[in-house]
Amino acid sequence: MGSCNPMMEALEEEKLIAAARLILRELESNKKLSTKAVRILEDLGARLSAMGKVTASKDEEEDGNEELSDMKGRIDSIRDKVMTWEVGQSMIWDSGPDEGKEYLQAVDEVRRLIERLEGLNPSKNSEEHEVLRKANDVLQTSMARIEEEFKHMLVHNRQNFEPERFSFRSTEDDGLDDSSRFSFGDDLGDDSIHRDSISRGSEVFIMDLVNPSVVPDLKNIAKLMFDSNYNKECSQAFISVRKDALDDCLYILEVEKTSIEDVLKMEWATLNSKIRRWTKALKVFVRIYLASEKSLCEQIFGLSESVASFCFAESSKASILQLLNFAEAIAVGTHQPEKLLRILDMYEVLVDLTPDIESFYPDEYGSYLRTEFQDVLTRVGDCVTLTFLDFKNAVGSNVSNAAFPGGGIHHLTRYVMNYIRTLIEYSYSLNTLLKDHGEDQDSSSSPDTSPAVEDDSINENSSLSPLGRHFRSLMSILESNLEEKSRLYREEALRHLFLMNNIHYMAEKAKGSELRTVLGDNWIRKHNWKFQQHAMGYERSTWSSILNLLRDEGLYHSGNSGSGSGSISKTLLKDRLQGFYTAFEEIYKSQTGWSIPNSQLCEDLRISMSLKVIQAYRTFVGRHANNISEKYIRYSADDLENYLLDLFEGSPRSLHSFHRK
């Protein structure tokens, strides 16, 4: 058997085959075998079986060696390709998408070869283990390379963010007038207070933050890295690049990084500008940039929803917290009234964007940001409430050391009425925030209120909104303050004129705006009645004593009044007339310097005075024309009527230059 001669081996194999055939024929013809024969045949079978296994094992070993050799060759070939790119300075995908595709295919082949080698469970010192080690080295090198390529493609294929496309611009120097540029109680014009124009709604705009042409390559890289168990490296690469991109977005939107301490130290003019910019930037950031960022994450990591959510939450966390940190700084600051409109803008934008935040961060990865957003919203809402309540207190505690010149409309009245007229635009938010802060309306009801009007107001109370109750309370506080300010005037007439002007202004502001629906028609009727009472009080205190000089009582010697029997005292008649002229001139001199800013109210009061004063003068002079010398008639009725038109113009004048001798 051990001969090296092939012919001898062939002859021996033929003899063995012939013997085997003889045994088979004997077995077929002889059905019964002795125990000895059976044992010999079993031994023969066992020896044949063992010989077959040895032969098969040799064949498998030969095949395995051939396969391992092929795998080793492929790994060496791929390693050479990988190392070629490591030597060069250029990026793979910069050389064209085909180069990148081939590179990924080669690396993916290494990954699959590693899986096959690991399936063999090679021993530590085996040739298979050595090949596996080389394959892992190639994979590690290639993973580092495609991670670098991944970041490079994300950075160099960013699309420029152009906020002007979405009507965003800085409001630092936009020239808009608004109450926030003034301090509490400043003398404001009737149209000085505006809220910023901020669109409401849930519209989003998805833009391409990365050139769409490279998104498929980015997706393929991400898939290969995740398939190769390099998911952490891939995620961190994406997060680091996109986090910087979001920071750049905030820079473009002119949102600066500021600490809470820095915000608290800012002058109001600067802070006002920053709040307005923040309010608009937050909406652009969430509705456009954040929405587009989430879309990008889903495109690249679409095969795993959890990975996309994780990457999105981590890449956007710092920017969201930077925006929320500013809002929190405002919320913990002081509660000056001039801040209220701006803080309300912040609150409403946060409320408006809450559904977006909830939908962008629906799972556990975004739970922290959802919670932070809601906490800041709550704190800003609390700040709105406290600022409004402090505003009411400020109105009540506003002190004047001197009477307001001319009895006109006090700047506090203008400020408050224009301010709350603007607050009407935030009715829904204020009703929500103030509903748990109960307030009795008209807590300082005036004793001179018409009983009928008072009854109507009581019946109307149950239908008032929370904002309506607080506004009525604020109006009562303002009226009480105005009553205190009116006591600074020495002349009773000027006190009435001052209150008439201010209450009329309040009623007209309410009547001509949405305040009417908040305060109610009964409140307007009540205050119409009030200013009319003060108008009557002005007329009584100014003209009653003067008109008494034009009465006939005491002019007749007999004591009879009128034109009855008895002689008239011409001296007393002359004194009465001269007394009237002197008093009229004094009124003219002082009350031309008084003021009634509302032209219709001024005209109505002049007409009322003319009907009383001119008619009484015309009647008096006409009745006693025969007893009064022409030289004592200083003014005609028409003269006096024209002079009445000069009253309440806010510029003192004198009649002495017009005296007729």
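Parameters at a glance
- Residues numbered from 1 in each chain as written.
- Predicted model: local features only at pLDDT ≥ 70, side-chain atom pairs only at ≥ 80, totals over all residues.
- Heavy atoms only, no water.
- Helix = DSSP H or I, 4+ residues; strand = E, 2+ residues; numbered from the N terminus.
- Buried < 20%, exposed > 50% of the residue type's maximum accessible area, 1.4 Å probe, protein only.
- Axes fitted to C-alpha atoms, helices over the stretch in contact; angles between N-to-C directions.
- Parallel < 35°, antiparallel > 145°, perpendicular 65-115°, else oblique.
- Left-handed = near helix turned anticlockwise from the far one by under 90°.
- Contact = heavy atoms within 4.5 Å.
- Phe/Tyr/Trp six-rings, centres within 6.5 Å; stacked < 30°, edge-to-face > 60°.
- Polar contact = N/O pair within 3.5 Å; in protein donor to acceptor, adjacent residues only side chain to side chain.
- Disulfide = S-S within 2.5 Å.
- pLDDT = per-residue confidence, 0-100.
- Core = buried A, V, L, I, M, F, W, Y, C linked by side-chain atoms within 4.5 Å.
- Lys, Arg positive; Asp, Glu negative; His and termini not counted.
- Salt bridge = Lys/Arg side-chain N within 4 Å of Asp/Glu carboxyl O.
- Expected span 1.5 Å × (residues − 1).
- Nonpolar A, V, L, I, M, F, W, Y, C, P; charged D, E, K, R; others polar.

Here we take up unusual backbone geometry. Despite not being glycine, Asn229 shows a phi value in the positive range, around 65 degrees. Within the secondary structure, Asn229 sits in the loop between helix H5 (215–227) and helix H6 (231–252). Judged by its relative accessible area of 65%, Asn229 falls in the exposed class. One non-glycine residue, Phe648, adopts positive backbone phi at about 70 degrees. Relative to the helices and strands, Phe648 resides in the segment after helix H21 (637–644).

Closest axis-to-axis distance for the H6/helix H8 (residues 268–300) pair is 12 Å, and the angle between their directions is 165 degrees. In terms of orientation, H6 lies roughly antiparallel with respect to H8. With respect to the hand of their crossing, H6 and H8 are arranged in right-handed fashion. Of the residues in H8, those touching H6 at Phe238, Arg242, Ala245, Leu246, Cys249 and Leu250 are Phe285, Tyr289, Glu293, Leu296, Cys297 and Ile300.

What follows covers the packing of aromatic side chains. In total, this model carries 22 aromatic pairs according to the counting rule given. When the centroid spacing of 5.6 Å and the interplanar angle of 75 degrees are considered together, the rings of Phe310 and Tyr365 count as edge-to-face. Residue Phe310 is found in helix H9 (residues 305–331), and its partner Tyr365 is found in the loop between helix H10 (340–360) and helix H11 (367–397); the two are separated by 55 residues along the sequence. Here Tyr365 falls in the partly exposed class, since its relative accessible area comes to 32%. Both rings, one in Trp543 and one in Phe584, keep their centres 6.0 Å apart while their planes meet at 45 degrees; by these two values the pair is tilted.

Considering the arrangement of structural elements, one finds Arg472 in helix H15 (residues 466–486). On the accessibility criterion, Arg472 (0% relative accessible area) is buried. For the pair Arg472 and Leu519, spaced 47 residues apart in the sequence, the C-alpha separation amounts to 6.4 Å. A distance of 2.8 Å separates a polar side-chain atom of Arg472 from the backbone oxygen of Leu519.

This structure, assessed with the given rule, holds zero disulfides. Cys297 takes part in no disulfide bond, and the closest cysteine sulfur to it belongs to Cys311, at a distance of 6.1 Å.

This paragraph deals with the confidence of the model for the protein chain. This prediction gives the protein chain a mean pLDDT of 85; 83% of its residues lie at or above 70. Confidence drops under pLDDT 50 across residues 55–63; counting only partners more than four residues distant or on other chains, this segment forms zero contacts.

Attention shifts here to the nonpolar core. Nonpolar side chains tend to gather and get buried jointly when the protein is soluble and globular. Among the nonpolar cores identified, the biggest contains 174 residues, and Phe150, Phe285 and Leu423 are the most heavily contacted of them. Discounting residues that sit within four places of it in the chain, Phe285 has contacts with Leu246, Cys249, Leu250, Leu253, Leu290, Ser319, Ile320 and Leu323.

Moving on, we get to the side chain of Arg576. Its place among the elements puts Arg576 in helix H19 (residues 570–591). Buried charge without a partner: Arg576 forms no salt bridge, and the closest opposite charge is Glu553, 6.1 Å away. Reaching out from Arg576, the side chain makes a polar contact with the backbone oxygen of Arg551 at a distance of 2.6 Å. Not counting residues within four places of it along the chain, the set of residues in contact with Arg576 comprises Asn548, Leu549, Arg551, Glu553, Gly554 and Leu555.

The subject of this paragraph is helix H16 (residues 492–511). Because each turn of an α-helix spans 3.6 residues, side chains separated by three or four positions in sequence point in the same direction. With 20 residues, H16 ought to run about 28 Å at 1.5 Å a step, and its terminal C-alpha atoms sit 28 Å apart, in line with that. For H16, the tally of buried residues reaches 16 of 20 residues, placing the bulk of the element in the interior.

If you walk through the whole model with that rule in mind, you get 33 salt bridges. A salt bridge links Arg158 to Asp248; the shortest N-O distance between them is 3.0 Å. Residue Arg158 is located in the loop between helix H4 (127–156) and H5, and its partner Asp248 is located in helix H6; the two are separated by 90 residues in the primary sequence. Classification of Arg158 by relative accessible area gives partly exposed; the value is 31%. Accessibility expressed as a relative area gives 33% for Asp248, which makes it partly exposed. For Glu649, the salt bridge identified is with Arg606, shortest N-O distance 2.7 Å. With Glu649 in the segment after H21 and Arg606 in helix H20 (residues 599–623), this pair connects stretches of sequence that are 43 residues apart. According to the relative accessible area criterion, Glu649 is exposed, its value standing at 52%. The class for Arg606 is buried, based on a relative accessible area of 13%. Connected via shared salt-bridge partners are Asp108, Arg111, Arg112 and Glu115.

Contact geometry of H5 with H6 gives a least axis separation of 7 Å together with a crossing angle of 145 degrees. Where H5 abuts H6, its residues Ala222, Met225 and Phe226 lie against Asn231, Glu233, Cys234 and Ser235. Considering only residue class, the contact of H5 with H6 consists of four nonpolar, two polar and one charged.

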